Amino acid sequence: MKAISFQRILWVALLFLCPFWVASAVTDTAPGASDASLSQSLLRVNSTNQVYEFFQPWIKKPPFSRRGIGALLDGGRILVTAELVANSTFIEIEKPAGTKKSSAVVERIDYHCNLAVLRPVDPAFVEGMKPLDLNGPLRVGDEATVLQLEPNGEIARTLGRITSISVGNYPAESGSFLLFKFGAPLQQRDGSFTLPAIHKGRLIGMVMRYDLRNQSADIVPTAVIRHFLQGLDSPTYPGFGRLGLSFAQLRDPQLRRFIGLEEPGGIYVTDLAPRGPASIAGIKKRDVILAVDGLPIDQDGNYEDPDYGRILFSHLTNTIKYPGDVLPFKILRDGKVLEIPVTMQAANREDSIIDEHLFDEPPKYVILGGLVFMELSRPYLKEWGAKWTSNAPQRLVYYDAFQNELPADRGRIVFLSQVLPTSDTIGYQDFDNIVVTKLNGRPIKSLADLSEAAKQPVDGFQKIEFEEDPKLLILDAASIEAHAETLKEHYAIPSLERL
Amino acid sequence: MFRLLPFFFLVLFAVVPLNAVEISRSLVRIEATSQEPNYKSPWSPGDVSSGVGAGFVVAGKRIMTNAHVVSNARFLTVFKEGDPNPYIAKVLHIAHDCDLALLSIDNPEFFKDTLPLDFGGIPEIESVVSAYGYPVGGTRLSVTRGIVSRIDFQIYSHSGMDSHLAIQIDAAINPGNSGGPVMQNGKVVGVAFQGYSGDVAQNVGYMIPTPVIHRFLKDVEDGRYDRYVDLALTYSNLFNPAARRALGVDGDNSGVVVSSVYSGGASAGIVNPGDVILKIDGHTVSSDGTIPLENEAVPLDEVVERKFKGEKVKLDILRNGKSATLIVPLNAPWPFKLQSHLYDEKPRFVVFGGLVFQPADQNFMEAYDPSDQRLNYLFDYFVSDEIHLARPEIVVLSNILPDPVNAYAEEFRFSVVDEVNGHPIKTLEDIVKAFDEQTDYYVIQFAGGSRPIVLDRKAVDEARPRILARYAVTSEKNLEK
């Protein structure tokens, strides 16, 4: 808490200085930001990535490469977006002039906030280079420069302005964080838009995507980067807290009168993740949140941030605060005002029924005689393409969308993804994407359950029960055992199980 | 050129005993003026449109045609070949589940020179048939010929939900052929009713075969149409040797296993999931679900298809390895209409303070094509997940007629209503009852627990007439089915 308020004072002080800087820095050529010295802070990063084929989870799709520019930070680390290096099989780093190449490994990666730090395999490779410092907060209208590299190693600068600062969705769709919109005509040079943005020679954030039509780049600002870099030298990564709460705006005066809300502001809690911090602390659906950590929340869910003005309060809970911090929530419930302390907590995968993403890890599967079982994950649904919410099997999409409404002990959604035709699965090949309830009479709440239950056939049969038609499929336990090796050979499956 | 013509006629004559000249005494052209309700403004009577189809005279001074030719009809005129006079017709019976209808003509003069057509059986594969009608707009009879390509169950696209036997022919069938007879050896062997557009498949037309026609004619003998009866269950094939052994089915080629039995249907409480159906009315059921009937392998459903309300069906089954005989009284048609296209019905709706509430049905879903995931799930799985037990109707906030009283309601479009003032909303009638209550506030709660819509009673009372006038809404509700 103390460290935070100290930072805030510091940033306020910086803000006072800003107008003078802007006046003198139209071209952003402050001392220390010359091309020669800047190129000492940049590295080309070429990442070869490979993702699993979710329809055949035992194989990987063809590799593809992404190229971007990383910013050198203190301690010889290289900052890039998580997107650039997600599912990487090999990361190559290269100095701007292209004379030398080396490789790097991912030291820390957080897909939610779309950031990663890389460590060069050979620390000597970045020796003598000049790390970039992180800048403080910016305001809308401030100038910044996005850095790209010409093939000859020259720095290509694109000057633009911060056009908006808000809390917005990040590419992984698993969190909303502070986001700068930056208006400038960027050229596609480096294969991706992972590019550093600077102000007065200091890093203000990483560009992560660019909207060509609107000439607008999305920048992960230093507020998020600082949080991400916290405790980089310690083995545990604190991560970003996630409240596990959805809310509705409270603009409608009829609704405000009905719930007896006289003071201005307040938001209406509509949904809670069953094991999220808000739910654990005792916040309930239909509560009205009036203030968080002593800061009033307006009817749209914004608070007054000293650095960025009126922005969504999740910036306070997930970026300013850390997991473990306790935030008092002022709640209106049944006409009474309560104060509920909420202990922030990072998103825990064990708490979710459906994985939002599966980067850098293979999907689990179990194959029984040719029936391929998986656990439901969003990447699986996204195999149906951009319109997956309407094209993917509706029941699975529904499970994903409304997982908070499932019983607390539902466990993972295990389903039959497809049937590989074999002599054991004759007559079953038309069934796919149906959810398993039981195997051999045992309830199935994970693939591990399924694998375990398969070891206990009933009267020599594997009896798989499903939520919907055909309701029951039966396999001959001894026969699938005997055919296991043939099945592996036939369909070139290295293993019939990956848990 | 002129000399060649009689020769062609001779050839035709040799193959088809009843020629085009004779059929002209039976074939009619039907001009239908219809009014299709607009589900997006359910209070309006809908746009008037017109179309042309074919029909033919059958015994009893009636005209047979497709249901889709005369659906939602407001005014029907019938023309005979070579008679320029329009005759006003009325729908006598209409069967949307098998796309057939019978018309009557007010003027008795109409039937003076007409020749009622007789029906034949199921034509053989590869045998030649001729289709008669008025394809793509002409007023003169048109004949196309082809062979019988396939005999199988097909979804009848008029309702979109019902499957019956249908015969595929390769004679060109185009709009305007609908309702026309398909003839072989002077008898009607089918009624042309649907086909594929050219970009899906070539030369694929379908006709309704005589078993379906006979069933329809018999059903209406008592003066009303009772719809098809249905077992209301699903079954799966029994090809798998392990499954056959586990279920104790002897031999290797008979029986199907029941997957789901729908509550509210004819089999509920009689047939259980997991039962193996070995015989239906004495016909041995193959492991693919077919039975031999009239030298064809047809789905076992065909036995039920030919029955009528009140009749029974006998199932020889295997339950937990033991044989049993079940008698299923066929008292009910398929219990759920909401996933079928609906015709000749007025949309049900309620408008309250500019909020439009409608039950989700096929017509509604087609009109709005909502992307709401919850609504789509409830609609798609209404039958299989037995959603109907808790919600006989899915009541949806379908539209908002903007007014200060509902200024913050837009985000709830396509949300499913759960409760109003604590009263569960299971049907549209429930919501009307809830809005009739005199309370200070109407609190509308939606499925999933979003924030409620709250309407101040005084404000909404003031707004109601204002909204009706502004948006030309002629009525605040229609509860008629």
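Predicted, not measured: the structure shown is a model, and the values here were computed from it.

**Focus: the environment of Asp281(B)**
By the secondary structure assignment, Asp281(B) is in the loop between strand E15 (276–280) and strand E16 (283–284). Once residues lying within four places of it in the same chain are set aside, the contact partners of Asp281(B) are Val303(B), Lys307(B), Lys312(B), Val313(B) and Lys314(B).

**Regarding the sheet that holds strand E24 (residues 417–420) of chain B**
Residue and element names in this part refer to chain B. Spatially, E25-E24-E26-E27 is the arrangement adopted by the 4 strands of the open sheet, whose pairing is antiparallel. The sheet is open, and its two borders are formed by strand E25 (423–424) and strand E27 (453–456), each paired with just one other strand. Relative to E27, strand E26 (residues 441–446) runs antiparallel, the two sharing 4 bridges. Bridging across to E27, Ile 444 finds its partner in Ile 453. Along the sheet, helix H9 (residues 428–436) makes contact with E24, E25 and E26, crossing E24 at roughly 30 degrees. Sheet strands touched by helix H10 (residues 457–470): E26 and E27. Its angle to E27, the strand with the most contacts, is close to 75 degrees.

**Observations concerning the confidence of the model for chain B**
Residues and elements named next belong to chain B. Overall, the prediction assigns chain B a mean pLDDT of 90, with 95% of residues at 70 or greater. Segment residues 1–17 is flagged for pLDDT under 50; beyond a separation of four residues in sequence, or across chains, it makes 6 contacts in the model. Overall fold confidence (pTM) sits at 0.87, and the ipTM for the predicted complex is 0.86.

**Description of the environment of Ala192(B)**
Residues and elements named next belong to chain B. Locating Ala 192 in the fold gives a position in strand E11 (residues 187–195). Look at Ala 192 and you get buried, because its relative accessible area is 1%. C-alpha of Ala 192 to C-alpha of Ile 169: the two residues are 23 residues apart in sequence and 9.4 Å apart in space. Among all residues touching Ala 192, those that are not within four sequence positions of it are Asn 66, Ile 173, Asn 177, Ser 178, Gly 179, Gly 180, Val 182, Tyr 206 and Met 207.

**A few points about the nonpolar core**
Counting residues in hydrophobic clusters, the biggest one holds 70 residues, and the most contacted among them are Ile283(A) and Phe329(A). Looking at this core element by element, the count peaks at 6 residues for strand E11 (residues 202–211) of chain A. Non-local contacts of Phe329(A), meaning those with residues more than four positions away in its chain, are made with Leu243(A), Ile283(A), Ile289(A), Ala291(A), Val292(A), Phe313(A), Thr317(A), Leu338(A), Glu339(A), Ile340(A) and Val342(A). Judged by nonpolar contacts, the second largest core, of 37 residues, contains Phe153(B), Leu165(B), Ile169(B) and Val258(B).

**Structural notes on unusual backbone geometry**
Residues and elements named next belong to chain A. With omega at 10 degrees, the peptide bond leading from Asp 469 into Pro 470 counts as cis. For Pro 470, the location among the structural elements is in the loop between strand E26 (461–466) and strand E27 (472–476). Positive phi values are uncommon outside glycine, yet Gln 215 reaches one of about 50 degrees. Looking at where Gln 215 falls in the secondary structure, it is placed in the loop between E11 and strand E12 (216–221).

**Some points on the interface of chain B and chain A**
Taken together, the 35 residues of chain B in the interface contact 35 residues of chain A. In total, about 3100 Å² of surface goes out of reach between chain B and chain A, with carbon and sulfur atoms giving 54% of it. When residues of chain B are sorted by the area they lose upon contact with chain A, Gln373(B), Tyr408(B) and Arg451(B) head the list and together hold 20% of the total. Linking chain B with chain A are 4 salt bridges, by the criterion used here. At the boundary of chain B and chain A, one finds 14 residue pairs in polar contact (both at pLDDT 80 or more). At the level of secondary structure, the elements contributing two or more residues to the side of chain B that touches chain A comprise strand E13 (233–236), helix H5 (241–247), strand E14 (256–261), helix H8 (373–380), E26 and E27 of chain B. Residues belonging to the side of chain B that touches chain A are distributed by class as follows: 16 nonpolar, 13 polar and 6 charged.

**Side note on H10(B)**
One turn of the α-helix equals 3.6 residues, which is why residues spaced by three or four share an orientation. Residues and elements named next belong to chain B. Taking 1.5 Å of rise per residue, 14 residues should cover 20 Å, and H10 covers 20 Å from first to last C-alpha, within 8% of that figure. Where H10 bends most, at Ala 463, the angle is about 35 degrees, and the proline Pro 465 comes one to four residues later. When H10 is considered as a whole, its buried residues turn out to be Val 460, Ala 463 and Ile 467. Turning to H10, the residues buried within the fold contact strand E21 (349–352), E26 and E27. Just beyond H10, the residue with positive phi is Ala 472, at close to 50 degrees.

**Thoughts on the pattern of salt bridges**
Residues and elements named next belong to chain A. Enumeration over the complete set of coordinates arrives at 48 salt bridges over all chains. Here Lys 61 and Glu 383 are joined by a salt bridge, their closest N and O atoms 2.9 Å apart. One end of the pair, Lys 61, is in the loop between strand E1 (42–49) and strand E2 (64–73); the other, Glu 383, is in the loop between helix H8 (378–382) and helix H9 (388–391), with 322 residues separating them in the sequence. Of the charged contacts in the structure, one is a salt bridge between Asp 300 and Arg 251, with a shortest N-O distance of 2.7 Å. Note that Asp 300 is positioned in the loop between strand E16 (295–296) and strand E17 (302–305) and Arg 251 in the loop between strand E13 (245–248) and helix H5 (253–258), a separation of 49 residues in sequence. Within this structure, Arg 77, Glu 107, Arg 119 and Asp 233 form a network of salt bridges that share partners.

Rules and cut-offs
- Residues numbered from 1 in each chain as written.
- Chains lettered and ligands numbered in written order.
- Predicted model: local features only at pLDDT ≥ 70, side-chain atom pairs only at ≥ 80, totals over all residues.
- Heavy atoms only, no water.
- Helix = DSSP H or I, 4+ residues; strand = E, 2+ residues; numbered from the N terminus.
- Contact = heavy atoms within 4.5 Å.
- Pairing = 2+ DSSP bridges.
- Axes fitted to C-alpha atoms, helices over the stretch in contact; angles between N-to-C directions.
- pLDDT = per-residue confidence, 0-100.
- Buried < 20%, exposed > 50% of the residue type's maximum accessible area, 1.4 Å probe, protein only.
- Core = buried A, V, L, I, M, F, W, Y, C linked by side-chain atoms within 4.5 Å.
- Buried area = accessible area lost by both parts, 1.4 Å probe.
- Salt bridge = Lys/Arg side-chain N within 4 Å of Asp/Glu carboxyl O.
- Polar contact = N/O pair within 3.5 Å; in protein donor to acceptor, adjacent residues only side chain to side chain.
- Nonpolar A, V, L, I, M, F, W, Y, C, P; charged D, E, K, R; others polar.
- Expected span 1.5 Å × (residues − 1).
- Bend = angle between axes of the 7 residues up to and from the residue.

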